[in-house]
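A structural walkthrough
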Amino acid sequence: MRWAWGMALSTSALAFALTAGALIGAAQSGTTYAVVYGILGRQVPAARRSWAMGVVAAAGSFGQFFMVLVEGWLISGLGWQQALLALAVLVLLIAPAALGLREPGFTGGAPAAKRTQTIGQALREALGYRSFLLLTAGYFVCGFQVVFIGVHMPSYLKDHGLPPQVASYALALIGLFNVVGTYVAGTLGQVWAKRKILAFIYIGRAVAITLFLAAPLSPLSVYLFSAVMGLLWLSTVPPTNATVAQIFGVQHLSTLSGFGFFSHQIGSFLGVRLGGYLYDRTGSYDVVWYIAIALGVFAALVNLPVHERPIARLPQGVAA
């Protein structure tokens, strides 16, 4: 809530950057998938875990789609500052929902399992395990691609003479189709190898971007690209986190998912920063689009050798 309030009342570029950047980042660290999936992983049995993660991701995706419409309506009626204040009030409604979360863990009628690792042991195990590093590398690419597109595509379309509402509709379509994509990815993760699902998503992004750049740019091509990218947008999240839970268990799932998401956010930062920097240097986004394509191929390749089976451990919980 404070970030929206602070953005609306900022009187300097520094204050706006601190609220729109630092406070939003801090808020995300405590509310995004790493935290939610850590709780969910202990509530849902493994046989349904990937599906459940897909449902949660789909709900978040619908929120992205819905709030684009709501925020547009608020801005047109109240102006951007008053719209942010109204959004701050809406955010307060989230807090009561968090009070209903519980952490007893899924036991199936058996006593709750004791923790066999400290956080330090879990991190050393994960960071020394090749498959976790490969998943993290893929997550970096995910962040780079989606945030570059989400932030810079409106400017890209404007440079090519398309009206502003095309970008608004494109972002709304991404959010709408993301609902379908995340749910389908989570459901397929119950029956297919999640590493293959991830490889398909990343190579699909590379192909979609390539076709988008090759085709004549028009509102129709933008909407088709947005629909396809929406299907692939955050559909990486359920299979990535379900794979981490499958390999390491759920004792420290929030911590391990948080490290993966940290890599995602580094990619997000570079997608935005590199997009702006190279645009300033070259006058176009072409180089960054090409980097996004190459990274998609890279992410597809590094996810294929991921081992999804549970890690073998010594009795004390240290990696074998």
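Heads up: these notes are all about the structure in this document. (Residues numbered from 1 in each chain as written. Predicted model: local features only at pLDDT ≥ 70, side-chain atom pairs only at ≥ 80, totals over all residues. Heavy atoms only, no water.)

In this section: the packing of aromatic side chains. Across all of its chains, the model carries twelve aromatic pairs by this definition. Consider the rings of Phe148 and Trp289, whose centres lie 5.1 Å apart with planes at 80°: the pair is edge-to-face. Of this pair, Phe148 sits in helix H8 (residues 130-159) while Trp289 sits in helix H14 (residues 286-303), and the two are 141 residues apart along the sequence. Each member of the pair Phe148 and Trp289 is classed as buried. Geometrically, the ring pair formed by Tyr279 and Tyr285 is stacked, given 4.6 Å between the ring centres and 25° between the ring planes. Given a relative accessible area of 25%, Tyr279 falls into the partly exposed group. What links up through ring pairs into an aromatic cluster is the set Phe148, Tyr156, Phe212, Phe225, Tyr279, Tyr285 and Trp289. Positioned over the ring face of Trp51 is Arg48, at 4.3 Å from the centre of the ring. (Phe/Tyr/Trp six-rings, centres within 6.5 Å; stacked < 30°, edge-to-face > 60°. Helix = DSSP H or I, 4+ residues; strand = E, 2+ residues; numbered from the N terminus. Buried < 20%, exposed > 50% of the residue type's maximum accessible area, 1.4 Å probe, protein only. Lys NZ or Arg CZ within 6 Å of the ring centre and 35° of its normal.)

Below, the discussion takes up the packing of helix H7 (residues 119-127) against helix H13 (residues 253-282). Two numbers describe how H7 lies on H13: the axes approach to 10 Å, and their chain directions differ by 45°. The orientation of H7 relative to H13 falls into the category oblique. Considering only the axes of H7 and H13, their crossing is right-handed. For the pair formed by H7 and H13, the contact residues are Ile119, Ala122, Leu123 and Ala126 on the first element and Thr255, Leu256 and Phe259 on the second. Residue composition of the contact of H7 with H13, by class: six nonpolar, one polar and no charged. (Axes fitted to C-alpha atoms, helices over the stretch in contact; angles between N-to-C directions. Parallel < 35°, antiparallel > 145°, perpendicular 65-115°, else oblique. Left-handed = near helix turned anticlockwise from the far one by under 90°. Contact = heavy atoms within 4.5 Å. Nonpolar A, V, L, I, M, F, W, Y, C, P; charged D, E, K, R; others polar.)

Further remarks concern helix H4 (residues 46-78). Taking 1.5 Å per residue, 33 residues should reach 48 Å; H4 reaches 47 Å between its end C-alpha atoms and fits that length. Buried residues of H4: Arg49, Ser50, Ala52, Met53, Gly54, Ala57, Ala58, Ser61, Phe65, Val70 and Leu74, and no others. If you follow the buried residues of H4, they end up packed against helix H3 (33-43), helix H5 (80-91), helix H9 (164-188), helix H10 (194-214), helix H12 (237-248) and H13. Where H4 ends, the next residue or the one after it, Gly79, has phi of about 90°, a positive value. (Expected span 1.5 Å × (residues − 1).)

This part is about the nonpolar core. Grouped together as the largest cluster of nonpolar side chains are 60 residues, with contacts concentrated most on Ile149, Leu157, Tyr202, Phe225, Phe248 and Trp289. With 13 residues, H8 is the largest single contributor of residues to this core. In this structure Phe248 touches Glu125, Ala126, Tyr129, Phe132, Leu256, Ile311 and Arg313, once residues within four positions along its chain are discounted. (Core = buried A, V, L, I, M, F, W, Y, C linked by side-chain atoms within 4.5 Å.)

What follows concerns the pattern of salt bridges. In the structure shown here, the tally under the stated rule is one salt bridge. Lys194 is the partner of Glu308 in a salt bridge, and the nearest nitrogen-oxygen pair spans 3.9 Å. Placement of Glu308 in the segment after H14 and of Lys194 in helix H10 is noted, with a sequence separation of 114 residues between them. For the pair Glu308 and Lys194, one class covers both residues: buried. (Salt bridge = Lys/Arg side-chain N within 4 Å of Asp/Glu carboxyl O.)

A word on the side chain of Ser235. Locating Ser235 in the fold gives a position in the loop between helix H11 (219-232) and H12. For Ser235, a relative accessible area of 1% translates into the label buried. Of the polar contacts made by the side chain of Ser235, one reaches the backbone oxygen of Leu231; its length is 3.2 Å. Ignoring any residue separated from it by four or fewer positions in sequence, one finds Ser235 in contact with Asn178, Gly181, Thr182, Ala185 and Ile201. (Polar contact = N/O pair within 3.5 Å; in protein donor to acceptor, adjacent residues only side chain to side chain.)

Another point: a nonpolar patch on the surface. A grouping of Phe200, Ile203, Val207, Leu211, Val297, Leu301 and Leu304 is seen on the molecular surface, where their side chains present a nonpolar patch of about 640 Å² in accessible area. At the level of elements, H10 and H14 are the ones that each hand at least two residues to the nonpolar patch. When residues of the nonpolar patch are assigned to their parent elements, the largest contribution, four residues, is made by H10. The topology assignment puts Leu304 in the segment after H14. The class for Leu304 is partly exposed, based on a relative accessible area of 39%. (Patch = residues over 30% accessible without salt bridge, like charges linked within 9 Å, V, L, I, M, F, W, Y side chains within 5 Å. Areas by Shrake-Rupley, 256 points an atom, 1.4 Å probe, with all protein chains shown as cover.)

This part is about the side chain of Ser268. Along the chain, the position of Ser268 falls in helix H13. Contacts of Ser268, omitting those with residues within four sequence positions, involve Gly143, Phe144 and Val147.

Our focus in this paragraph is empty space enclosed by the protein. Rolled over the atoms, a probe with the dimensions of a water molecule shows which regions are left empty. One pass over the structure, following the stated rule, counts two cavities of 30 Å³ or more. Lining the largest cavity, in full, are Phe132, Leu135, Thr136, Tyr139, Thr240, Asn241, Val244, Leu256, Ser257 and Gly260. Broken down by secondary-structure element, the contributors of at least two residues to the lining of the largest cavity are H8, H12 and H13. The residue inventory of the lining of the largest cavity, partitioned by class, reads five nonpolar, five polar and no charged. Of the pockets and cavities examined, the second largest cavity occupies roughly 40 Å³. Along the walls of the second largest cavity sit Gln117, Ala122, Glu125, Phe248, Gly249, Gln251, His252, Leu256 and Arg313, which together make up its complete lining. (1 Å grid on protein atoms, 1.4 Å probe; cavity = no way out; pocket = protein on both sides within 12 Å on 5 of 7 lines; lining within 4 Å. Points joined across faces, edges and corners; volume = space filled by probe spheres on them.)

Turning to H9, a few remarks are in order. Along its 25 residues, H9 runs 36 Å from first to last C-alpha, staying within 8% of the 36 Å computed at 1.5 Å per residue. A bend of about 30° at Asn178 is the largest found in H9. Packed against the buried residues of H9 are H4, H8, H10, H11 and H12. (Bend = angle between axes of the 7 residues up to and from the residue.)

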